[in-house]
Amino acid sequence: MDSAIKIVVKWSGKEYEIDSLLLTDTVATLKETIRKRTGVLPERQKLLNLKHKGKTPENDVHLSALNIKPGFKIMMMGSLEEEIEAVSLPPEDLPDVVNDFDIPEEEEVDVCNREVYLSKITKRISDYKIVERNPPRPGKKLLVLDIDYTLFDHRSPAETGYELMRPFLHEFLTEAYKDYDIVIWSATSMKWIEEKMKLLGVASHTAYKITFYMDYLAMITVHTSKYGTVNVKPLGVIWGKYPEFYSSKNTIMFDDIRRNFLMNPSNGLRIRPFRQAHMNRQTDRELLKLSKYLKMIAELEDFSTLEHKNWEHYLSDKRQGSGS
């Protein structure tokens, strides 16, 4: 009679005991058993510390070939189908942003200096809780990134995280991390942000680290004469939380929606939106070009002298100046 083996699967902060397997069972049987316990489909499972001849075992490999000892703990990564579906569709309780607003520069200056909005920022600094994923690094600049249509096309008919992800995302973040702390700020819920970052492989990447996430609760509403009340992302919340690290002099924010910069117009760079990912993956080079811009301005002590809307001209001028 075949010997039974007891295995523990660690996933999403919990442990699942599996004691119904035999050494003659295959990895495919193991994955199916894990599916019954966790709900994660076999094709979504990544069994991190399960190896066969130094590599991830194929599905037809027998458990007896893996030298598994009783009580062995398997570390698993994987998402439930409902979680994957959730990050492929926008949350129903949040407004869909399609068109940006053309707000005159003089109104931008007026809005960002109004006491009523500065008071709202002060309240956010006091009340909004930031959960650090990694500590700020002294001497680094700050890069604040939106998600939807900036790093990720959440309305594309593409199906996988790779297809929805903006081209060169990991290369861009790896290069930026050399000079910048990186913060993700999305006008959605924190759970939504966390699931997206898992799906894109950003949360667990080893070449760079995200300092923290921020969600819609850190935003404030402002009133504009032309468009009424709008939601914006005031960088002053971050500056108030971390005055010893970040300020208007060393912070830049990428967002495909210009009005998100309303409280800090000189710190925002409006990125071209990444839409129809299934059609545009082969031609989109925005992050490659912006990576060069970030590297170029990282040398500066004060970003406040820059007009980020002219970033492509700055790159062109530098290339010409270098004779390239």
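Treat the numbers as computed from the prediction; the structure is a model and nothing was measured.

Details of the overall build of the chain
- Within the chain one finds 11 helices and 11 strands.
- A burial count over the chain gives 46% of its 324 residues as buried.
- Considering only intrachain contacts with a sequence separation of at least 6, the fraction spanning at least 24 residues in the chain is 72%.
- When the accessible area of the chain is evaluated, it comes to approximately 16900 Å², of which 51% is carbon and sulfur surface.

A closer look at the sheet that holds strand β11 (residues 268-270)
- If you walk across this open sheet you meet the 5 strands as β7-β6-β5-β10-β11, and the pairing is parallel. Every other strand in the sheet has two partners, leaving β7 (210-214) and β11 as the edge strands with one partner each. Each neighbouring strand pair of the sheet contributes to a mean axis angle of 20°, computed without reference to strand direction.
- Sheet topology places strand β10 (residues 251-255) next to β11; 3 bridges connect them, and they run parallel. Counted as the bridge partner of F254 is L269 from β11.
- Sheet strands touched by helix α6 (residues 169-176): β5 (141-145), β6 (180-185) and β10. Its angle to β5, the strand with the most contacts, is close to 155°.

A closer look at the side chain of D148
- With respect to the helices, strands and loops of the structure, D148 is situated in the loop between β5 and α5 (161-164).
- Within the structure, the side chain of D148 is placed 2.4 Å from the side chain of K196, a separation counted as a polar contact.
- Here D148 is in contact with H154, T188, W192, K196 and D256, once residues within four sequence places are set aside.

Let's talk about the packing of α6 against helix α10 (residues 286-297)
- Interaxial distance between α6 and α10 falls to 9 Å at its minimum, and their mutual angle equals 5°. Relative to α10, the element α6 lies roughly parallel. Residue-level contacts link L169, F172, E175 and A176 of α6 to L287, L290, S291, L294 and K295 of α10.

Re the confidence of the model for the chain
- Residues of the chain with pLDDT of at least 70 account for 84%, and the chain-wide mean is 84.
- Below a pLDDT of 50 lies the segment residues 88-99, which in the model reaches 19 contacts outside its immediate sequence neighbourhood of four places, other chains included.

Comments concerning the side chain of H308
- One can find H308 in the loop between α10 and α11 (311-321).
- Ignoring sequence-local partners within four residues, the contact set of H308 consists of I252, S266, N267, G268, L269, Y293, I297 and F303.

What about the packing of aromatic side chains?
- Throughout the structure, instances matching the rule amount to 7 aromatic pairs.
- Aromatic side chains F212 and Y242 sit 5.5 Å apart centroid to centroid with 15° between the ring planes, which places their arrangement in the stacked category. Note that F212 is positioned in strand β7 and Y242 in the loop between α8 (236-241) and β10, a separation of 30 residues in sequence. The two residues F212 and Y242 agree in class, both being buried.
- Seen from their ring centres, Y293 and W311 are 6.1 Å apart, and the 55° between their planes marks the pair as tilted. Residue Y293 is found in helix α10, and its partner W311 is found in helix α11; the two are separated by 18 residues along the sequence.
- Accessibility expressed as a relative area gives 0% for Y293, which makes it buried.

Some words on the pattern of salt bridges
- In this structure the tally under the stated criterion is 17 salt bridges.
- Where D127 meets K123, a salt bridge forms, and the shortest distance between an N and an O atom there is 2.7 Å. Taken together, the positions of D127 and K123, both in helix α4 (residues 115-127) and 4 residues apart, correspond to about one turn of that helix.
- For D127, a relative accessible area of 49% puts it in the partly exposed group.
- The salt bridge partner of R137 is D181, with a shortest N-O separation of 2.8 Å. With R137 in the loop between α4 and β5 and D181 in strand β6, the pair connects residues that are 44 residues apart, well separated along the chain. As far as the burial class goes, R137 and D181 line up, both buried.

Regarding the environment of F245
- Mapped onto the elements, F245 comes out in the loop between α8 and β10.
- On the accessibility criterion, F245 (21% relative accessible area) is partly exposed.
- Each C-alpha atom, one on F245 and one on P136, is 7.2 Å from the other, the two residues being 109 residues apart in sequence.
- Setting aside residues no more than four positions away along its own chain, F245 makes contact with P136, R137, P138, K140 and N250.

Examining α6
- Of all the positions in α6, only L169, H170, F172, L173 and A176 are classed as buried. Down the axis, α6 shows its buried residues gathered within 160° of arc, on one side only.
- Looking at the buried residues of α6, the elements they touch are β5, β6, α7 (190-200), β10 and α10.

About the criteria used
- Residues numbered from 1 in each chain as written.
- Predicted model: local features only at pLDDT ≥ 70, side-chain atom pairs only at ≥ 80, totals over all residues.
- Heavy atoms only, no water.
- Helix = DSSP H or I, 4+ residues; strand = E, 2+ residues; numbered from the N terminus.
- Buried < 20%, exposed > 50% of the residue type's maximum accessible area, 1.4 Å probe, protein only.
- Contact = heavy atoms within 4.5 Å.
- Areas by Shrake-Rupley, 256 points an atom, 1.4 Å probe, with all protein chains shown as cover.
- Pairing = 2+ DSSP bridges.
- Axes fitted to C-alpha atoms, helices over the stretch in contact; angles between N-to-C directions.
- Polar contact = N/O pair within 3.5 Å; in protein donor to acceptor, adjacent residues only side chain to side chain.
- Parallel < 35°, antiparallel > 145°, perpendicular 65-115°, else oblique.
- pLDDT = per-residue confidence, 0-100.
- Phe/Tyr/Trp six-rings, centres within 6.5 Å; stacked < 30°, edge-to-face > 60°.
- Salt bridge = Lys/Arg side-chain N within 4 Å of Asp/Glu carboxyl O.
- Arc of directions from axis to C-beta.

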